[in-house]
Each structure stands twice: as C-alpha cells, then as structure tokens.
Amino acid sequence: MSLKSVVAAAVAAVVFAGAAYAEGAKIMVHDQYARVSAKASKSGAAFMEIMNMASEADQLIAARSDVAKRVELHTHMESGDGIMKMMHVEEGFAIPAGGMHKLQRGGDHVMFMGLNQSLEHGDTVKVTLVFQNAGEVEIEIPVDLERKPAEGGHMDHSSHSN
Ligand SMILES: [Cu+2]
C-alpha cells in the first residue's frame, strides 16, 4: 500500500466512523438507575431519561437483560379507585423527535421480573433497549438503592426533607 492510499484509507475510515457515530447517537440515555424495593425482592425496576436526537419519533418497544427471566415495559395507572397499579405496556413508550421521555418512579419503567440474582447497591445491570427505528441500544444501569423518588434528577440538594 502506498502512503497515498494509506492516507486515503485513513480519511475514509474517519468519515465512516463519523457517520457511524451519528447513527449510533440517535438515542441517548441519561441518569439511569435500577432498584429493588426490598432486599431479596424477586423483581426490580429501572428508570432513566431517554433522548431521541433523530428527526423522527421513535418508540421503545422492548427491553432485554440477563438479570431477570422477563423484562417488560411497565407503567403505573390509576385504576379508578385512587390506587396506582402497574401495567404491562405492550406497545412501549413513544420518544418524540428531538425530545425526551422520562422513565421514573410512579410512571413508566423497565421491569425486571424473576431476578436471577439479587441486586445490590453499586451493582451494574446490563440492559438492551430495543427501539423501533434506532434498533438495539445497550446500556449499563447502576443499582442505586439510596435514590429517592421524584427528585427531578439533579436536584439532590432540594428542600425535600426525605
Ligand atoms: Cu413494573
């Protein structure tokens, strides 16, 4: 290979890598954490902010993980008598173009059913999110058992009395 073709190949690689990066960065996940409500729980849940950088709306249609026998997309709905119930959302969650969808306590979440291992504070759970357009996005979710609900993500020093 001549020096000239090496340089050309390097430029091509950079251009390709740039395109691949833009492709891969259509979905960004922030502030993710997983928790169990009690030690030795058979189920757990994960919460996060999902950003869709694409110019088209996307849909989170499934999630997979080795950590549990089943992983489902759930939400909480008021059942009419003031009691919040968890429901499996078959169609998943829409993420608007250029927008964000928040999975949070008391709302939409990724549910781990039939945990294969106990989730200890500081553990990391590997989860594959499956999007209609963006395809599979693998993320690592830290287990955070100390996180308080609905703190607004970065408002750890708010006036809540916890
Ligand atoms: Cu659930």
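The coordinates are above.
We now turn to the structure provided with this report. Not measured: the values here are computed from a predicted model.

Helix and strand counts for the protein stand at one helix and 10 strands. Across the 162 residues in the protein, those meeting the buried criterion constitute 36%. Across the protein, every contact between residues at least 6 apart in sequence was considered, and the portion connecting residues at least 24 apart equals 64%. Working note: accessible area of the protein is about 9900 Å², and carbon and sulfur atoms make up 56% of it.

What follows deals with the sheet that holds strand E9 (residues 124–131). Working definition: the strands of a sheet are paired by backbone hydrogen bonds and lie parallel or antiparallel to each other. Here four strands make up an open sheet; going across it, the order is E6-E3-E9-E10 and the pairing antiparallel. Of all strands in the sheet, those with a lone pairing partner are strand E6 (93–95) and strand E10 (135–142), marking the two edges. Each strand of the sheet is rotated relative to its neighbour by a mean of 40°, with strand direction disregarded. One ladder, built from eight bridges, connects E9 with E10; its direction is antiparallel. Paired with Thr-128 across the bridge in E10 is Glu-138.

Another aspect to go through is the coordination of the copper ion. Only His-74 (ND1), Met-86 (SD), His-109 (NE2) and Met-111 (SD) from the protein reach the copper ion as donors, at distances of 2.1 to 2.3 Å. Around the copper ion sit four donor atoms; with metal-centred angles ranging over 93 to 118°, the donor geometry is tetrahedral. Coordination of the copper ion draws on donor residues from a single chain, spaced H-x11-M-x22-H-x1-M in sequence. Separated by 37 residues along the polypeptide, His-74 in strand E4 (residues 68–78) and Met-111 in strand E8 (residues 109–115) bring together distant segments of the chain. Grouping residues by exposure puts His-74 and Met-111 together as buried.

The rules behind the values
- Numbers given to residues run from 1 along each chain, matching the order in which its sequence is written.
- For this predicted model, a pLDDT threshold of at least 70 governs which residues receive local features, and a threshold of 80 or more governs which side-chain atom pairs are given and counted, while totals over whole chains, interfaces and linings are taken from all residues.
- The basis for every side-chain value is the complete set of non-hydrogen atoms in the structure, without hydrogens or water.
- Helix and strand assignments follow DSSP, with helices taken as H or I runs no shorter than four residues and strands as E runs no shorter than two, numbered in order from the N terminus.
- Relative accessible area decides the class of each residue, using a 1.4 Å probe on protein chains only: under 20% of the type maximum gives buried, over 50% gives exposed, and in between gives partly exposed.
- Should any heavy atoms of two residues lie within 4.5 Å, those residues are counted as being in contact.
- A 1.4 Å probe and the Shrake-Rupley method give the accessible areas. Residues count as covered only by the protein chains that appear here.
- Two strands form a pair only when DSSP identifies at least two bridges running between them.
- Axes, fitted as lines to C-alpha atoms, cover a helix only where it is in contact. Angles between the N-to-C directions of the axes lie from 0 to 180 degrees.
- Shown as donors are all N, O and S atoms within 2.8 Å of a metal ion, widened to 3.2 Å for Na, K and Ca; because water is not in the atom set, sites may appear incomplete.
- The rule is simple: four donors are tetrahedral if all their angles sit between 85 and 135 degrees, four are square planar and six octahedral if opposite donors span more than 155 degrees and the others lie between 65 and 115, and anything that fits none of that is irregular.

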